[in-house]
There are 2 protein chains.
Amino acid sequence: MSTDDKDILDSTDTGIALQDAGHTEQDIKDGLSINLDGHVTSPLGYKAGGLHCGIKRKRHDLGWIISEVPAFTAGVYTTNLIQAAPLQVTKESLQVDGSLYAVLVNSGNANACTGMQGLEDAYEMRRMLAEQLEVEKHQVAVVSTGVIGELMPMDKISAGVKEMKEQVAQTTVLDFEKAILTTDTCTKHIAVECVIDGCKVTIGGAAKGSGMIHPNMATMLGFITTDATVEPAALDLALKHLTNKSFNRITVDGDTSTNDMVLLMANGLAKNDSLSPQHPQWDTFLAALELVCKDLAKKIARDGEGATKLIEVQVKGAESEQIAEAVGKSVVGSSLVKTAVYGTDPNWGRIVCAVGYTSELKSLDPNLLSVWLGEIQVVDNGLPVSFNEEEATLYLEQENVKIYVDLQMGSHEATCWGCDLSYDYVRINASYRT
Amino acid sequence: MSTDDKDILDSTDTGIALQDAGHTEQDIKDGLSINLDGHVTSPLGYKAGGLHCGIKRKRHDLGWIISEVPAFTAGVYTTNLIQAAPLQVTKESLQVDGSLYAVLVNSGNANACTGMQGLEDAYEMRRMLAEQLEVEKHQVAVVSTGVIGELMPMDKISAGVKEMKEQVAQTTVLDFEKAILTTDTCTKHIAVECVIDGCKVTIGGAAKGSGMIHPNMATMLGFITTDATVEPAALDLALKHLTNKSFNRITVDGDTSTNDMVLLMANGLAKNDSLSPQHPQWDTFLAALELVCKDLAKKIARDGEGATKLIEVQVKGAESEQIAEAVGKSVVGSSLVKTAVYGTDPNWGRIVCAVGYTSELKSLDPNLLSVWLGEIQVVDNGLPVSFNEEEATLYLEQENVKIYVDLQMGSHEATCWGCDLSYDYVRINASYRT
């Protein structure tokens, strides 16, 4: 890691989200082993790299993941009705036979709202990498993130892909992790291992987030690799299911981007029997994948633009998991809750207010509602609890703030993640392009 | 107006919203006459006042409107499932015979999440004023705004209501307008006159807004008075209809409060024939009322917490008015659009992105979408227009920024209002209670 990238890489952040989730010895006992220093290259047969091709002024802006053998790949995409050109091209790639050799990612330019030219450029990016790797075009996915509405500087991409050929031996996965960032302040990565059919199976992940982050799939870029052998339909199922419990439960600013995508590649090099819901160890694989998805999701929330804190909202006592999730998103997405946490103000009225305006919540008995800030109860059955304000302020000064809400109207629960709203969110976004 | 209130009253703001709406000679020609210095006391038979009773440290916090004769009154209330005690009591009052003599308003304490004691306190506030005015309890409405979850300091309210009796001659409607404010930086008022059945009819209004403002009725406090004679059912109809086109089309921060309410009182002293949709001049009355509602709504948006600019989003070419409204709210509510406007950055990609994630929008042809910043077109049929960045930046430096979106998918349109997101929003809300 070069010195001039210190500004975007802060090693002290590593692992915060995970430790906070309480994944420690118990998980290893359950057969899962977490590697906080793991990457998308931790599974067998993947290499990754990145470089600066000139879309951005100085930082890395072109990255790639390459699998030795074709990998079955599942994808989830933004729900925004305006989808960037690379999403269309990648969907088309995956429709052919559902497998990929490689992914090419650029940051600094979203290639969104760029019309026919943008689509041609995305096809051309795909062609360039396919030609260089000597694979079929449909075995390459393209992914972009950055400013909307500017044509991709194809000369720079072209030079970058050529340079990649020479640099592929020197650059590492750390360069890939840097190349996908925009206003992120740190890279986000993890790997989890488990044993399936006596074979060591590894799942690795990398992500970028920061702004335009709202829980409505797919709200950021996520890349997950595994050497497990998995049936394509099961891979799709697993990614969709776990995305709903992780990436779709975070919010930074309520803005769902035009470009977001999560790709899950499985190349089968671990040599386990092909996984599907019928496999006796399907749940082990799902648990490992869930760890990766949730860890990346929380790291994205924690690194939201201008964030100083990770906020976790656990809602229980709901009539359905969907309602619990909606209430959680409402609280963690409230600008007033976010600024109160930033200002370490235990102003629980804003939490209660955000519960009450959750549009998915059709009925609510305010007299059953209870709220806690960490272990400090602030509302008991709809009524204020007299609590120690200093203690509550101290609690909110922590980097990981948990809010618990009990609706007492059912038996379902859900956890959502977000971040506080600080001056820096305004600073970053009032002058993003300049 | 006393000197030490200069901080909350800035006379230079007066009329901005209205002038911007282009209501000038044409409206007067149409029989409407706008009085920018008008108040809720401009119609015949109303008096209003306010004072400092001690809920807030220094500023006015108790206000009232009193009609000489009972006034038919329509009300709209927050959609938040958690509704403050005064809302319950006011609804109960209006259910008896739909008419009021008076409204008592306090700021500084919302009387929300205060359980049975809060409800008793709201009834007690109603009783106090009814007794003092020697009217029935159900002829009084109570309204509160401020911090959630703290019991109302009833000794202060009681002393305030007693003091009111002595002060009622000295205080004026300016004191009322100040007494209803929280983090507002200016009072908001207007009056509009028209002639109905040869009688001069006046409609006056006052409002407070600032935070917890989101278009989902009723997102602030609004008080509208008229001396028109109006049938109760028609009054309800008019208020609901026009609220949907005004107060429900503004957003500051997406937070819908527990306390918000708009009351429309009609005391009949203008002596016109009773208005209803069958009356030949019903539309004149509606037009005048619409002016009042929209002007107050825009003033609330312009004075959103930390706002430096009013943002108006006009959406046309939608398949329905509901969709046009939803797209407008999505754009004007986007944190990224709001910060871009604050930073005078013509980053139209964020506008397009917000159009695309409007959940009510089921289909969209990105290739038909056009966007303008004022008169500067930035997107034409889905493609970027090469525009003069400096000119666009200059445009965004204005205090009233208009964004036009044409979906080209239908013939319906709607206009929504909001404000930019500045450092001051964070400052105000990170330390509201301290």
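Per an unreviewed UniProt entry, chain A carries the name Arginine biosynthesis bifunctional protein ArgJ and comes from Caldalkalibacillus horti. Looking at the Function (unreviewed entry) heading of the UniProt record, one finds this comment for chain A: "Catalyzes two activities which are involved in the cyclic version of arginine biosynthesis: the synthesis of N-acetylglutamate from glutamate and acetyl-CoA as the acetyl donor, and of ornithine by transacetylation between N(2)-acetylornithine and glutamate." UniProt annotates chain A under Sequence similarities (unreviewed entry) with the comment "Belongs to the ArgJ family."

Colleague: I keep staring at the overall build of chain A and nothing clicks. Help me out?
Modeller: Tallying secondary structure elements over chain A gives 13 helices and 15 strands in all. Of all 434 residues assigned to chain A, the portion counted as buried reaches 63%. Considering only intrachain contacts with a sequence separation of at least 6, the fraction spanning at least 24 residues in chain A is 81%. In the structure as shown, chain A presents an accessible area of about 15,500 Å², 48% of it carried by carbon and sulfur atoms.

Colleague: Just to check I follow, could you spell out the pattern of salt bridges for this structure?
Modeller: Between side chains of opposite charge, a pair can form when the charged atoms approach closely. Overall, the coordinates contain 26 salt bridges over all chains when judged by the stated rule. A single network of salt bridges, built from pairs that share partners, joins Lys245, Arg249, Glu321, Glu325 and Lys329 of chain A.

Colleague: Would you take a moment to explain the UniProt feature "binding site: substrate" (unreviewed entry) in chain A for this structure?
Modeller: Residues given the UniProt feature "binding site: substrate" (unreviewed entry) here are Thr182, Lys208, Thr219, Glu305, Asn429 and Thr434 of chain A. Note that Asn429 of chain A resides in helix α13 (residues 423-430). If we skip the residues at most four places from it in the chain, Asn429 of chain A touches Glu305 of chain A together with Leu336, Thr339, Ala340 and Arg350 of chain B.

Colleague: Sorry if this is basic, but what is going on with the confidence of the model for chain A here?
Modeller: When pLDDT is low, close inspection of the predicted coordinates is not appropriate. Residue and element names in this part refer to chain A. The pLDDT averaged across chain A works out to 86; a share of 89% of its residues lies at or above 70. For the stretch residues 1-29, pLDDT sits under 50, and the model shows 51 contacts to residues farther than four places along the chain or on other chains. Counting contacts from residues 213-219, a segment whose pLDDT is below 50, to residues more than four positions away or on other chains yields 44 contacts.

Colleague: Whenever I open this one, the packing of aromatic side chains confuses me. Can you help?
Modeller: To describe a pair of aromatic rings, you give the distance between the ring centres and the angle between the ring planes. Evaluation of the coordinates by the stated rule reveals seven aromatic pairs over all chains. Ring centres 5.8 Å apart and planes at 80° place the aromatic pair Tyr342 of chain B and Tyr423 of chain B in the edge-to-face group. Placement of Tyr342 of chain B in helix α10 (residues 335-342) and of Tyr423 of chain B in helix α13 (residues 423-430) is noted, with a sequence separation of 81 residues between them. Through a chain of ring-to-ring contacts, the aromatic side chains of Tyr342 and Tyr423 of chain A together with Tyr342 and Tyr423 of chain B assemble into a single cluster. The ring centre of Tyr77 of chain A lies 5.0 Å from the NZ or CZ of Lys91 of chain A, which sits over that ring.

Colleague: Honestly, the relation of the copies chain A and chain B in this entry has me stumped. Any pointers?
Modeller: Turning one copy of the chain about an axis and sliding it along that axis gives the other copy, so a rotation and a shift relate them. If you rotate chain A by 180° and push it 0.0 Å along the axis, it lands on chain B with an RMSD of 0.0 Å. Considering both components of the superposition, the chain copies are consistent with a two-fold axis. Among all C-alpha atoms of chain A, that of Tyr423 of chain A lies closest to the rotation axis, at 2.7 Å. An overlap of 100% is found between the interface residues of chain A and their copies at the interface of chain B, pointing to a shared contact surface.

Colleague: What is the right way to read α13 of chain B from this model?
Modeller: Given 3.6 residues to a turn, an α-helix orients residues that are three or four positions apart in the same direction. For α13 of chain B, the set of buried residues is Tyr425, Val426, Ile428, Asn429 and Ala430 of chain B. At its buried positions, α13 of chain B is contacted by α10 (335-342), α11 (349-356) and α13 of chain A.

Colleague: Even after reading the chapter, I still don't get the sheet that holds strand β11 (residues 370-373) of chain A, so can you show me in this structure?
Modeller: Picture the strands of a sheet paired through backbone hydrogen bonds; they go either parallel or antiparallel. All names here are of chain A. Taken together, the six strands give an open sheet; going across it, the order is β13-β12-β11-β14-β10-β15, and neighbouring strands pair in mixed fashion. Pairing within the sheet leaves two strands with one partner each, and these edge strands are β13 (383-384) and β15 (412-419). Where β11 meets strand β14 (residues 400-406), four bridges bridge the pair, whose relative direction is antiparallel. Counted as the bridge partner of Leu373 is Ile403 from β14.

Colleague: Got a minute to help me understand the interface of chain A and chain B in this structure?
Modeller: Accessible area lost upon the coming together of the parts serves often as the stated size of an interface. Taken together, the contacts link 53 residues of chain A with 53 residues of chain B. Summed over both partners, the interface of chain A with chain B buries about 4,400 Å², with 62% contributed by carbon and sulfur atoms. Here chain A and chain B share zero salt bridges between them. The interface formed by chain A and chain B contains four residue pairs in polar contact (both at pLDDT 80 or more). Considering each element in turn, the side of chain A that touches chain B owes the most residues, six residues, to α13 of chain A. Residues of the side of chain A that touches chain B, tallied by class, amount to 25 nonpolar, 19 polar and nine charged.

Colleague: Before we go on, may I ask you to explain the packing of α13 of chain A against α10 of chain B in this structure?
Modeller: In a packed pair of helices, the relevant descriptors are the angle between the two axes and the axis-to-axis distance. Between α13 of chain A and α10 of chain B, the shortest axis-to-axis distance is 8 Å and the interhelical angle comes to 70°. With respect to their mutual orientation, α13 of chain A and α10 of chain B come out roughly perpendicular. On α10 of chain B, the residues that touch Tyr425, Val426, Asn429 and Ala430 of chain A of α13 of chain A are Ser335, Leu336, Thr339, Ala340 and Tyr342 of chain B. Looking at the contact of α13 of chain A with α10 of chain B residue by residue, the classes come out as six nonpolar, three polar and no charged.

Colleague: Teacher, can you tell me more about unusual backbone geometry here?
Modeller: Excluding glycine, most residues fall at negative phi; most peptide bonds, likewise, are trans. The phi dihedral of Gln408 of chain A falls on the positive side, at around 50°, and the residue is not glycine. Of note, Gln408 of chain A is situated in the loop between β14 and β15. The class for Gln408 of chain A is partly exposed, based on a relative accessible area of 38%. A positive phi angle, near 50°, is found at Asn111 of chain B, a position not held by glycine. With respect to the helices and strands, Asn111 of chain B occurs in the loop between β4 (99-109) and α4 (115-133).

Colleague: Just checking my understanding: could you explain the pairing of strand β12 (residues 370-373) of chain B for this structure?
Modeller: Two faces belong to every sheet, and in a regular strand the side chains alternate between them. Residues and elements named next belong to chain B. As defined by bridge partners, β12 adjoins strand β13 (residues 376-380) across three bridges and the pair is classed as antiparallel. Its bridge partner lying in β13, Val371 is registered against Val379. Where β12 hands over to β13, the hairpin turn is made up of two residues, of which Gly374 adopts a positive phi near 60°.

Colleague: Honestly, the sheet that holds strand β9 (residues 250-251) of chain B in this entry has me stumped. Any pointers?
Modeller: Residue and element names in this part refer to chain B. Here we have seven strands laid out as an open sheet, ordered β9-β16-β11-β15-β12-β13-β14, and mixed in their pairing. For this open sheet the edge positions go to β9 and β14 (383-384), each flanked by a neighbour on one side alone. Helix α9 (residues 321-333) contacts β9, β11 (310-318) and β16 (412-419) of the sheet and is inclined by roughly 25° relative to β16.

Colleague: What am I meant to see in the side chain of Thr339 of chain A here?
Modeller: Mapped onto the fold, Thr339 of chain A is located in helix α10. Taking the relative accessible area as the measure of exposure, Thr339 of chain A reaches 0% and is therefore buried. Setting aside chain neighbours within four positions, we find Thr339 of chain A in contact with Arg350 and Leu421 of chain A together with Tyr425, Val426, Asn429 and Ala430 of chain B.

Colleague: What exactly am I supposed to notice about the environment of Asn244 of chain B here?
Modeller: All names here are of chain B. In this structure, Asn244 sits in helix α7 (residues 232-245). A relative accessible area of 41% places Asn244 in the partly exposed class. The sequence separation of Asn244 and Cys293 amounts to 49 residues, and the corresponding C-alpha distance is 9.9 Å. Once you skip the residues sitting within four places of it in the chain, Asn244 turns out to touch Arg249 and Glu325.

Colleague: Explain the environment of Gly328 of chain B here, please?
Modeller: Residue and element names in this part refer to chain B. Looking at the element boundaries, Gly328 is found in helix α9. Of the residues examined, Gly328 reaches a relative accessible area of 0% and is grouped as buried. Taking the C-alpha atoms as reference points, Gly328 and Ile250, 78 residues apart in sequence, are found 9.5 Å from one another. Ignoring any residue separated from it by four or fewer positions in sequence, one finds Gly328 in contact with Val313, Val315 and Cys416.

What counts and how
- Counting restarts for each chain: residues are numbered from 1 in the order of the written sequence.
- The lettering of chains begins at A and the numbering of ligands begins at 1, in the order of writing.
- Totals for whole chains, interfaces and linings use all residues, but because this is a predicted model, local features are given only for residues with pLDDT of at least 70 and pairs of side-chain atoms are given and counted only at 80 or more.
- Side-chain metrics in this entry use all non-hydrogen atoms of the structure; hydrogen atoms and water are not considered.
- UniProt positions are given in the numbering used here, feature names are shortened, and annotations may be inferred rather than shown by experiment.
- Numbering goes from the N terminus for both helices and strands, where a helix is a DSSP run of H or I of at least four residues and a strand is a run of E of at least two.
- Here's how the labels work: a residue is buried when its accessible area is under 20% of the maximum for its type, exposed when over 50%, partly exposed in between, all with a 1.4 Å probe on protein chains only.
- We call two residues in contact whenever any of their non-hydrogen atoms come within 4.5 Å of each other.
- Shrake-Rupley sampling with a 1.4 Å probe provides the accessible areas, and residues are treated as covered by the protein chains on show and by no other component.
- When a carboxyl oxygen of Asp or Glu lies within 4 Å of a side-chain nitrogen of Lys or Arg, that pair is called a salt bridge.
- The quantity called pLDDT is the predictor's confidence in a given residue, expressed from 0 to 100.
- Ring geometry is summarised as follows: Phe, Tyr and Trp rings, the Trp one being its six-membered ring, pair when their centres sit within 6.5 Å, and such pairs are stacked at plane angles under 30 degrees, edge-to-face over 60 and tilted between the two.
- Two limits define a charge over a ring: the Lys NZ or Arg CZ must be within 6 Å of the ring centre, and within 35 degrees of the ring normal.
- Copies overlap after least-squares fitting; the atoms used are the C-alpha atoms of residues with pLDDT of at least 70 in both.
- Two strands qualify as a pair provided DSSP detects at least 2 bridges between them.
- The term buried area denotes the loss of accessible surface (1.4 Å probe radius) that occurs when two parts are joined, taken as the sum for both partners.
- Polar contact is the term for a pair of N or O atoms within 3.5 Å; when the atoms are in protein, one must be able to donate a hydrogen and the other to accept it, and sequence-neighboring residues count only if both atoms are side-chain atoms.
- The residue classification treats Ala, Val, Leu, Ile, Met, Phe, Trp, Tyr, Cys and Pro as nonpolar and Asp, Glu, Lys and Arg as charged. All others, Gly included, are polar.
- Axes, fitted as lines to C-alpha atoms, cover a helix only where it is in contact. Angles between the N-to-C directions of the axes lie from 0 to 180 degrees.
- Should an angle fall under 35 degrees it is taken as roughly parallel, and over 145 as roughly antiparallel, whereas 65 to 115 is taken as roughly perpendicular and any remaining angle as oblique.

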